[in-house]
Amino acid sequence: MEKVKRLETRVWVVDNIVDKQQIYPQIQEAAEWLRAGEVIAFPTETVYGLGADAANTAAVEKIFAAKGRPSDNPLIVHVAHIAQAETVAASIPPVAKTLMERFWPGPLTLVLPKRTGAVSERVTAGLPTVAVRMPDHPLALALIEASGLALAAPSANRSGRPSPTTAAHVLADLDGRIAGVIDGGPTGVGVESTVLDCSGDVPMILRPGGVTKEALMEAIGRVEEAAALGDEAAPKAPGMKYTHYAPNAPLWIVAGPPALLQRLVDESRSEGKTVGVLTTEENRNRYIADVVLPCGTRQALETVASRLYDTLRRFDETNVDLIYSEAFPEEGIGAAIMNRLRKAAGGRVISEQQK
């Protein structure tokens, strides 16, 4: 693992509501640090990102070092307007232009043919494509505008850990490893952007996220989903290959009724293990376990998405030996929730048939 020089991480607190006509000194200072080749964490509508000048290889290397991120995992480039996306993409197919006009700014990343020399090869992991999005957060847009840079920005956490939805989460993972963080309060969507590959004949979802497959199909028609990658395959977008979002304790997804989950809890506790349960407000009183943490409501899965990573991190504070999580419907935002849970669980799923 590459050694990281210990830094004094600066925290800039900025009100979440930004007047675009106002010049915020905190944003200006953070932008100066970005132009100087430093890495800065900042809020987006999905999670906090860890930004660096996408064209500066030395700066991008600091992202990989701070996160401990695998070198073949590409980064998403964040822009403030469509014209800036055109500076990093060699071309924008008509279907991508339609999606930009419909969903930008917003939690949708588009994989496009890259413009040669526009971004560091470390950003694209040597691939002929570049992933680009325009975040729907006033602080993120203000920072990009003030810096004058397209920003490479993965989630601002140690690789494999739950993504950060507050500045406190960022500091828990990266304090002393990055130059600074802009504290704009909690994020909204809570799970990362949808990644859609627009470089081929048919748009393909590489990672489900804040824009649902149903919404994409309504906008452009046919959309396909990428198959899971093997160990040797090179990922075309973040979140496709490696274990992500994991709490410290092993996590198991239980695809069955609450009675099955409770039986698993009872068996594990009889073996002397301390057990946690990830559930929803509707079911929080149905379980007897050492730690029961509700994560939103099944009646509004967007609340589960917004609280998922925070809940996974809260389990780390309890020192449970293992965690059982309920499964969720895979329609709409539920597809992104289950994608993240499977990654966090390393693919461990228990069903009624297995028991």
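How each quantity is defined
- Residues numbered from 1 in each chain as written.
- Predicted model: local features only at pLDDT ≥ 70, side-chain atom pairs only at ≥ 80, totals over all residues.
- Heavy atoms only, no water.
- UniProt positions renumbered as here; feature names shortened; annotations may be inferred.
- Axes fitted to C-alpha atoms, helices over the stretch in contact; angles between N-to-C directions.
- Helix = DSSP H or I, 4+ residues; strand = E, 2+ residues; numbered from the N terminus.
- Parallel < 35°, antiparallel > 145°, perpendicular 65-115°, else oblique.
- Left-handed = near helix turned anticlockwise from the far one by under 90°.
- Contact = heavy atoms within 4.5 Å.
- Nonpolar A, V, L, I, M, F, W, Y, C, P; charged D, E, K, R; others polar.
- Phe/Tyr/Trp six-rings, centres within 6.5 Å; stacked < 30°, edge-to-face > 60°.
- Buried < 20%, exposed > 50% of the residue type's maximum accessible area, 1.4 Å probe, protein only.
- Lys NZ or Arg CZ within 6 Å of the ring centre and 35° of its normal.
- Expected span 1.5 Å × (residues − 1).
- Pairing = 2+ DSSP bridges.

An unreviewed UniProt entry annotates the protein as Threonylcarbamoyl-AMP synthase originating from Geobacillus jurassicus. What UniProt states about the protein under its Catalytic activity (unreviewed entry) heading is, verbatim, "L-threonine + hydrogencarbonate + ATP = L-threonylcarbamoyladenylate + diphosphate + H2O". The annotation that UniProt attaches to the protein under Subcellular location (unreviewed entry) is "Cytoplasm".

(A) Seen up close, the packing of helix 1 (residues 25-35) against helix 6 (residues 138-147). Put simply, helix 1 and helix 6 touch, their axes get as near as 8 Å, and they point 55° apart. Considering their axes alone, helix 1 and helix 6 lie oblique with respect to each other. Regarding helix 1 and helix 6, the two cross each other, and that crossing is right-handed. In this structure, helix 1 uses Ile27, Gln28, Ala30, Ala31, Leu34 and Arg35 to contact helix 6, whose residues at the interface are Leu139, Ala142, Leu143, Ala146 and Ser147. In the contact of helix 1 with helix 6, the residues fall into 8 nonpolar, 2 polar and 1 charged.

(B) Examining the packing of helix 10 (residues 301-316) against helix 11 (residues 334-344) more closely. Running from N to C, helix 10 and helix 11 cross one another at 20°; their axes reach a closest spacing of 9 Å. Taken together, the axes of helix 10 and helix 11 lie roughly parallel to each other. The two elements helix 10 and helix 11 cross, and the hand of that crossing is left-handed. Listed contacts from helix 11 to Leu301, Val304, Ala305, Leu308, Tyr309 and Leu312 of helix 10 are Gly334, Ile337, Arg340, Leu341 and Ala344. When its residues are assigned to classes, the contact of helix 10 with helix 11 shows 9 nonpolar, 1 polar and 1 charged.

(C) Quick peek at the packing of aromatic side chains. Tallied over the entire structure, the rule returns 2 aromatic pairs. When the centroid spacing of 5.1 Å and the interplanar angle of 75° are considered together, the rings of Trp12 and Trp33 count as edge-to-face. Of the two residues, Trp12 sits in strand 1 (residues 10-13) while Trp33 sits in helix 1, which places them 21 residues apart along the sequence. Taking the relative accessible area as the measure of exposure, Trp12 reaches 2% and is therefore buried. Judged by its relative accessible area of 26%, Trp33 is partly exposed. Taking NZ or CZ as reference, Arg122 lies 4.1 Å from the ring centre of Phe64, over its face. Note that Arg348 overlies the ring of Trp252, its terminal NZ or CZ placed 5.3 Å from the centroid.

(D) Broad picture of helix 9 (residues 258-270). In this model helix 9 runs 18 Å from its N-terminal to its C-terminal C-alpha over 13 residues, within 8% of the 18 Å that 1.5 Å per residue would give. Burial in helix 9 covers these residues: Leu260, Leu261, Gln262, Leu264, Val265 and Ser268. The inward-facing, buried residues of helix 9 abut strand 12 (251-255), strand 13 (275-279), strand 15 (322-326) and strand 16 (349-351). Looking one or two residues past helix 9, Gly272 carries a phi angle of roughly 90°, positive in sign.

(E) Region of interest: the pairing of strand 3 (residues 48-53). For strand 3, the tally of buried residues reaches 6 of 6 residues, placing the bulk of the element in the interior. The sheet contact formed by strand 2 (residues 40-43) and strand 3 spans 4 bridges and is antiparallel. Opposite Phe42, over in strand 3, you have Gly49 as the bridge partner. The turn joining strand 2 and strand 3, which pair antiparallel and follow one another in sequence, is formed by 4 residues. With 2 bridges connecting them, strand 3 and strand 7 (residues 151-152) associate as antiparallel partners. Counted as the bridge partner of Ala52 is Ala152 from strand 7.

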